Each structure stands twice: as structure tokens, then as C-alpha cells.
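Report on the structure
Each chain is listed here by its residues.
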Amino acid sequence: IVRYQSFVTSTRIAAPRPGPKTAHSHELPKSLIDAPIYTRLAALNIPPSPHSTDEVFLRRVSLDLTGQTPEPDQVRSFVTDSFPDKRARTIDELMKLPEFRHFWMLKFGDLLQITSARLGDGTGSYQTWLQKRLTENVGWDVMVRELLTALGNPRDSIDGGPANYALDGDTPMIQAELAARRFLGLRLRCAQCHNHPFDVWTQDDYYGLAAFFAKIDRGAAVQGGGGMRTKVGLNPEGFVTHLRTGKPVPPRLLDGTPVTIANDQDPRLALADWITRPDNPYFARATVNWVWAQFFGRGLVDPPDDMSAANPPSHPDLLEALAHAFIDHGYDLRWLIREIATSDTYGLASETVPGNEQDLRLHSHHLPRPLTAHQMADAIARATQVRNIYARDGTTTQQRAIEVFDPATPSTILDTFGRCPRTETCSTVGSSPLTLRQALLVIGGDLVESKVTHLNGYLSHLMELNPQAHEIVEFLYYRTLCRPPTDDERSHWSRVLHESDSLRETAEDLFWALLNSREFAFNH
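Nothing here was measured: the structure is a model prediction, and the numbers come from that model.

1. Quick look at the nonpolar core
Ranked by internal contacts, the top residues of the largest apolar core, which has 103 residues, are Leu 65, Trp 104, Trp 140, Phe 183 and Phe 295. Once residues lying within four places of it in the same chain are set aside, the contact partners of Trp 140 are Phe 108, Leu 111, Phe 183, Phe 283, Thr 287, Phe 326, Tyr 331 and Leu 333. If you look at the next biggest cluster of nonpolar residues, it comprises 38 residues, including Leu 63, Ile 380, Tyr 390 and Tyr 458.

2. Considerations on helix α14 (residues 333-341)
Judged by how many residues are buried, α14 sits mostly within the fold: seven of nine residues are covered. Burial in α14 covers these residues: Leu 333, Arg 334, Trp 335, Leu 336, Ile 337, Ile 340 and Ala 341.

3. Regarding the packing of aromatic side chains
Per the counting criterion, the structure on display carries 19 aromatic pairs. Summarising the aromatic geometry, the rings of Trp 104 and Phe 108 are spaced 6.4 Å apart at their centres and angled 45° between planes, so their arrangement reads as tilted. One end of the pair, Trp 104, and the other, Phe 108, are both in helix α5 (residues 98-112), four residues apart, so they sit about a helical turn from each other. Given the relative accessible area of 3%, Trp 104 is considered buried. The exposure class of Phe 108 is buried, given its relative accessible area of 2%. Where Trp 140 meets Phe 183, the ring centres are 6.1 Å apart and the plane angle is 65°; that geometry is what we call edge-to-face. With a gap of 43 residues between them, Trp 140 in helix α8 (residues 140-149) and Phe 183 in helix α9 (residues 172-184) connect regions that are remote in the sequence. Each member of the pair, Trp 140 together with Phe 183, is buried. A cation over a ring is seen here: Arg 87 above Phe 57, with NZ or CZ 4.3 Å from the ring centre. The ring of Trp 104 carries the charged tip of Lys 107 above its face, separated from the ring centre by 5.1 Å.

Cut-off values and rules
Residues numbered from 1 in each chain as written. Predicted model: local features only at pLDDT ≥ 70, side-chain atom pairs only at ≥ 80, totals over all residues. Heavy atoms only, no water. Core = buried A, V, L, I, M, F, W, Y, C linked by side-chain atoms within 4.5 Å. Buried < 20%, exposed > 50% of the residue type's maximum accessible area, 1.4 Å probe, protein only. Contact = heavy atoms within 4.5 Å. Helix = DSSP H or I, 4+ residues; strand = E, 2+ residues; numbered from the N terminus. Phe/Tyr/Trp six-rings, centres within 6.5 Å; stacked < 30°, edge-to-face > 60°. Lys NZ or Arg CZ within 6 Å of the ring centre and 35° of its normal.

What is shown is where atoms sit, not what they do.
Structural data, given as C-alpha cells:
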């Protein structure tokens with residue numbers, strides 16, 4: 001990477017892994033995603049891992065698409081399915097479920113930072129709008145245009161949802177930073193006080209972008225519905241002052257193009273036009289990169305919201321090809337999600353083979369990722385058949401964690417396992433190891449213990465059927481790890497259960513141990 005003043009460029013130098021050329025373990029595919037991945041691995045003499053087992057793949061894709069682990073019957077049925085298209089077919093079926101919409105609402109809610117802590121009473125209408133758009137599979141370009149240009153009453157349950165976007169950020173500068181980060185994958189904050197030291201952006205770029213948000217009027221209000229409601233309107237006299245020159249700044253696109261806006265016009269319309277144009281060099285790439293990170297734990301450019309000139313992608317050709325295909329498919333998020341989930345690359349095993357042990361960014365194998373907060377909460381509840389209770393506004397409900405959209409809803413397990421508070425930007429995919437606080441909650445707290453021993457939980461109902469020791473082992477492994485026990489695991493635990501003084505207590509110990517295992521806590 002070479003920098004000089006506000007100029008930045010980079011070139012890639014790679015050395016193949018030394019040693020004899022490694023044969024690939026399976027036929028090299030030719031798809032949009034897999035061809036560049038495997039071509040790069042072959043050039044660097046890095047072998048890919050084999051495909052994951054059916055049990056591992058079903059658990060992985062169920063968690064990534066719906067936030068839920070599969071039921072034992074689903075695992076058994078998937079494994080015995082002999083049709084070659086069963087993985088693609090299962091992905092299509094998962095994407096039709098309401099859990100798919102709920103889980104991806106959480107992801108986009110994190111991206112847009114939808115929370116009552118930032119937006120107040122408009123959060124409900126914002127979430128309703130997001131759910132409706134995702135259900136209708138509206139193009140991402142259309143959604144972003146609605147967000148950037150909406151006016152009106154943010155609390156309006158019918159049309160007010162996207163107007164909440166204009167309330168997120170007290171100044172035009174903050175709004176410009178948020179828009180650039182969320183929709184273009186660019187971090188511009190450093191250019192507020194001086195030219196960006198690690199990227200091409202100057203102060204003129206920063207304030208020129210902020211000028212598009214200068215005419216938003218958040219101060220107007222209307223009476224009704226039990227209180228004052230903020231109404232997003234336009235202030236024809238609004239302007240942004242350049243920090244260095246002290247003069248008003250006209251709107252200017254990030255490509256340096258000045259834009260002339262009449263006093264009575266909304267500058268954001270021109271910005272939305274430019275952002276969602278097919279030839280915009282950032283928009284589609286940023287979206288593709290962000291969605292990729294949801295499936296692999298890291299983007300082709302990582303972090304996903306730092307697509308700077310000094311942070312080049314690991315696979316430039318793949319990023320460009322996928323971005324162009326995304327545009328050609330009308331910015332269809334479901335197409336993009338399916339394209340990634342059905343790729344051979346996504347279906348590789350997480351176990352390494354000789355020669356790819358050190359690879360962390362070339363996708364020669366799947367990198368295990370800790371379950372997200374909502375995945376972990378629902379996985380424990382589903383395995384034990386004891387639902388979590390969430391309290392809000394004086395009421396309590398038993399519901400899935402993926403239906404808890406507002407981070408203001410109190411929850412010890414969601415907070416401990418790191419749900420995005422949405423008060424600051426944060427990643428929706430965890431890649432850090434489990435923390436001591438999390439371990440103390442599941443090992444020493446009542447969270448797992450109370451569900452394992454619950455009188456109406458899964459284990460209590462299982463023991464009423466007087467199962468044999470080997471049946472208990474089989475059932476508990478399927479409930480927790482979504483796979484059968486190995487021969488050694490079955491033999492060991494069957495013997496321990498058979499020799500125990502209390503079959504129930506020993507079964508509880510096994511159940512508890514499985515729920516506290518690393519295999520349960522990770523998506524691999």
C-alpha cells in the first residue's frame with residue numbers, strides 16, 4: 001500500500017505455499033463464487049478442505065438463514081435424502097420460513113441501528129416497514145432510496161417507517177457518516193477535521209456529502225395520538241459550513257461531481273440517485289461484502305464497513321463479479337443470499353487439511369464462528385424445549401430471541417452474548433472467542449441448569465418414556481449438537497449412564513455438558 005497526501009494505491013504480491021503441488025480433494029466447480037476462490041487457492045498451492053458432512057451443513061445453514069438449529073427429525077431426514085440437489089432445495093425451503101424474515105430483520109436492524117434508544121417511539125413503525133420490505137423482497141436499491149428521501153411523520157404506522165432514518169443523527173455531518181458507512185462501506189469521520197490520513201477522502205469530500213443532509217428539518221411537530229410527534233420536513237435555508245474555510249458548502253458527490261439543487265428541492269434525492277446508480281463504484285460492492293460477512297464471519301474486505309483504498313479485498317475479482325451480478329439481478333437480496341449459501345465454498349468443512357491450517361482469509365475451509373446472542377438464546381431454548389421469557393413495559397412474553405427486535409428489551413443472555421446495542425455501529429457476526437462472562441453465565445448460572453432440570457422440559461418428558469442408556473445418549477446428541485454421537489461417545493456415555501446410581505441425574509449432567517460444549521457454542 002502506497003500513500004502520498006490524499007492519494008492511496010495498492011498492489012498485491014503473493015508467494016505460493018512451498019512444496020509439491022497439492023491435488024484438490026474434489027472437483028473444482030465453475031460457479032460465479034467458487035471459480036475465483038479455487039483458482040486463487042490453486043495458484044497459491046493451498047488445498048481446500050473436503051465438503052462438510054450433511055449434519056454439519058444443515059446446522060450451519062439453518063443457523064445462518066433462520067437463526068435456529070434444526071430439529072432431530074429434520075437432521076435424520078436430510079441425511080437420508082439421496083437426491084444430489086438436497087442442499088439447494090433445503091436452502092430454498094429455509095428461505096420461505098417466517099424465521100428467515102425475522103432473523104434477517106435482526107441483521108438489517110443492526111445495520112440501520114433501529115432501536116428506541118436512538119429513535120424513540122418511531123421504532124415500531126420503522127420495524128414494520130423493514131419487515132414489509134423484506135417480506136416483499138423489494139430491491140435493496142429501492143429500500144435505500146426510501147430511507148434516504150423519506151419525509152413525514154415517523155410514528156405513522158403506514159407510511160412513516162423510513163422517515164425515522166432522518167432522525168438518526170443530530171447533524172448533517174453525522175448523517176453523512178452513517179450513510180457512507182451503511183450503504184457505501186466507507187468510513188469518512190477522519191476527513192471531518194483534516195484530509196483522511198489512510199484514504200483518498202478530503203475535507204471537501206466530507207462536507208460536500210454532508211451538504212446533502214443540510215435541509216432536513218427535524219424540529220417541526222404535529223399534535224395527535226397522545227402527544228407531540230416529530231415530523232420530518234425540509235428547511236430551504238439549511239446549509240453546512242466548511243470547518244476550514246468557514247463558508248457554506250454546496251452538495252458534492254464523492255466522485256467530485258458538484259450538484260446544483262434549487263432552494264425548494266430536497267438534496268437527498270440527487271444523492272439517492274447517485275448511490276443507487278448501477279455505475280456507483282461503492283454501493284453494490286458494499287452490500288455484497290456485508291452479506292458475505294454474515295455467512296463467513298468476515299468480509300472479502302474486512303471490516304465490512306471499511307472498504308478504503310488502503311484495505312483491499314482478499315478476492316478483488318470475486319467482489320467485482322458478485323457486485324455486477326447483484327446489480328443485474330435488480331439488487332435482489334434473496335438472490336444474493338441464496339447465491340452465497342449454495343456455493344461450494346460455503347459448504348466446505350471447518351476441519352483443516354495439511355497445507356491450509358494457517359489460512360484465515362482465502363476460504364480454503366470454513367472458519368468456526370461463535371453463535372450470535374440470538375442464536376445462542378434460541379439454541380438453548382430449542383434444545384431443552386423451555387422457552388426464554390422476555391419482559392418489556394411491564395409485561396412478560398415467551399418468544400424466540402429472533403423476535404426480540406429492540407435491544408432495549410431487557411435480557412441477560414442476549415446482553416451477555418453480545419447482541420448489538422445499536423447505539424454504535426457494530427458487527428452482526430462474531431469472530432472473537434467466548435468470554436469469561438459468557439462462560440460464567442452458562443456454567444455457573446441458572447440459565448442452563450434451570451432448563452435442563454425443568455419439569456416440563458425435554459429431558460423430563462424423555463425420562464417418562466423409560467429410555468435405555470444408549471437411547472438417552474442418541475437423543476441428547478441430536479437435540480444439542482444436531483448429530484449422532486460417535487461410536488466412542490456412545491459407548492462411553494452409555495456405560496456411564498448404565499453404571500450410575502441415578503439415571504436421571506447423570507442424564508442431566510450429560511445434557512448440561514453438551515449445552516456447555518464448544519461444539520454447541522460455535523457455528524462450524
